[in-house]
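What follows is each chain in one-letter form.
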Amino acid sequence: QVQLLQSGGGSVQAGGSLRLSCTASGRTFSSYAVGWFRQGAPGKVREYVGAISGGMVSTFLADSVKGRFTISGDSAKNTVYLQMNNLKPEDTAVYYCADRTMAGPYSNPYEYDYWGQGTQVFVSS
């Protein structure tokens, strides 16, 4: 079983930048993908932000963050990053990383097997 530990996040003014990290312990990330999601309010469905494929070969981003966010990975550190630039107040949310072991749409949160603890990002106007 893999455990995901997140770090980063915090408060920033609009236009600022933050970087989130997601480190796997217990074993390496699964072979399929690591996704990033965010939840703007408790009870809301977690919104897909993006994903990095197995082997950290390819990255994918939701249209809402394309051009502002990037995803990268460091296999030696067993860590995936979410770099967020030009942040907007609507990016305010709790951000989660998640690991999946099976093939399927990256954007479906219900198909991910392991989740990080979440980290708060607050963007003020």
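So, here is what we can say about the structure in this document.

Calculation rules
- Residues numbered from 1 in each chain as written.
- Predicted model: local features only at pLDDT ≥ 70, side-chain atom pairs only at ≥ 80, totals over all residues.
- Heavy atoms only, no water.
- Helix = DSSP H or I, 4+ residues; strand = E, 2+ residues; numbered from the N terminus.
- Rg over C-alpha atoms; globule rule 2.2 N^0.38 Å.
- Buried < 20%, exposed > 50% of the residue type's maximum accessible area, 1.4 Å probe, protein only.
- Areas by Shrake-Rupley, 256 points an atom, 1.4 Å probe, with all protein chains shown as cover.
- Lys, Arg positive; Asp, Glu negative; His and termini not counted.
- Charge placed at Lys NZ, Arg CZ, Asp CG, Glu CD.
- Pairing = 2+ DSSP bridges.
- Axes fitted to C-alpha atoms, helices over the stretch in contact; angles between N-to-C directions.
- Phe/Tyr/Trp six-rings, centres within 6.5 Å; stacked < 30°, edge-to-face > 60°.
- Lys NZ or Arg CZ within 6 Å of the ring centre and 35° of its normal.

Within the protein chain, the secondary structure is distributed over zero helices and eleven strands. Beginning at the N terminus, the succession of helices and strands in the protein chain can be written as β-β-β-β-β-β-β-β-β-β-β. For a compact globule of 125 residues, the expected C-alpha radius of gyration is about 14 Å, and the protein chain comes in at 13 Å, within 12% of that figure. The C-alpha extent of the protein chain, read off along each of the three principal axes, is 40 × 30 × 25 Å. Counting over 125 residues, the protein chain shows a buried share of 43%. Carbon and sulfur atoms provide 50% of the accessible area of the protein chain, an area that totals close to 6,200 Å². Separation of charge centres in the protein chain, based on 10 positive and 8 negative side chains, amounts to 3 Å.

Attention now moves to unusual backbone geometry. Residues other than glycine seldom take positive phi values, yet Asn-78 does so here, at roughly 55°. You can see Asn-78 is positioned in the loop between β7 (69-74) and β8 (79-84). One non-glycine residue, Asn-86, lies in the positive phi region at around 50°. As for its position among the elements, Asn-86 is in the loop between β8 and β9 (93-100).

What follows deals with the sheet that holds β8. Strands pair in a sheet through their backbones, by hydrogen bonds, and they do so in one of two ways: parallel or antiparallel. The four strands are arranged β1-β3-β8-β7 in an open sheet whose pairing can be described as antiparallel. Each edge of the open sheet is held by one strand with a lone partner, namely β1 (3-8) and β7. Neighbouring strand axes in the sheet, compared pairwise and without regard to direction, differ in orientation by 20° on average.

Our focus in this paragraph is the packing of aromatic side chains. The full count for this structure, using the stated rule, is seven aromatic pairs. Between Phe-37 and Tyr-112, the aromatic rings sit 5.1 Å apart at their centres with planes inclined by 80°, giving edge-to-face as the arrangement. With Phe-37 in strand β4 (residues 33-39) and Tyr-112 in the loop between β9 and β10 (114-115), this residue pair connects regions lying 75 residues apart in the sequence. Summarising the burial analysis for this pair, Phe-37 and Tyr-112 share the class buried. Put simply, the rings of Phe-37, Tyr-48, Tyr-96, Tyr-112 and Trp-115 pair up and form one aromatic cluster. In this arrangement the basic side chain of Arg-46 is found over the ring face of Trp-115, its NZ or CZ atom lying 4.7 Å from the centre. The ring of Tyr-112 has Arg-100 sitting right over it, with the charged end atom 5.0 Å from the ring centre.

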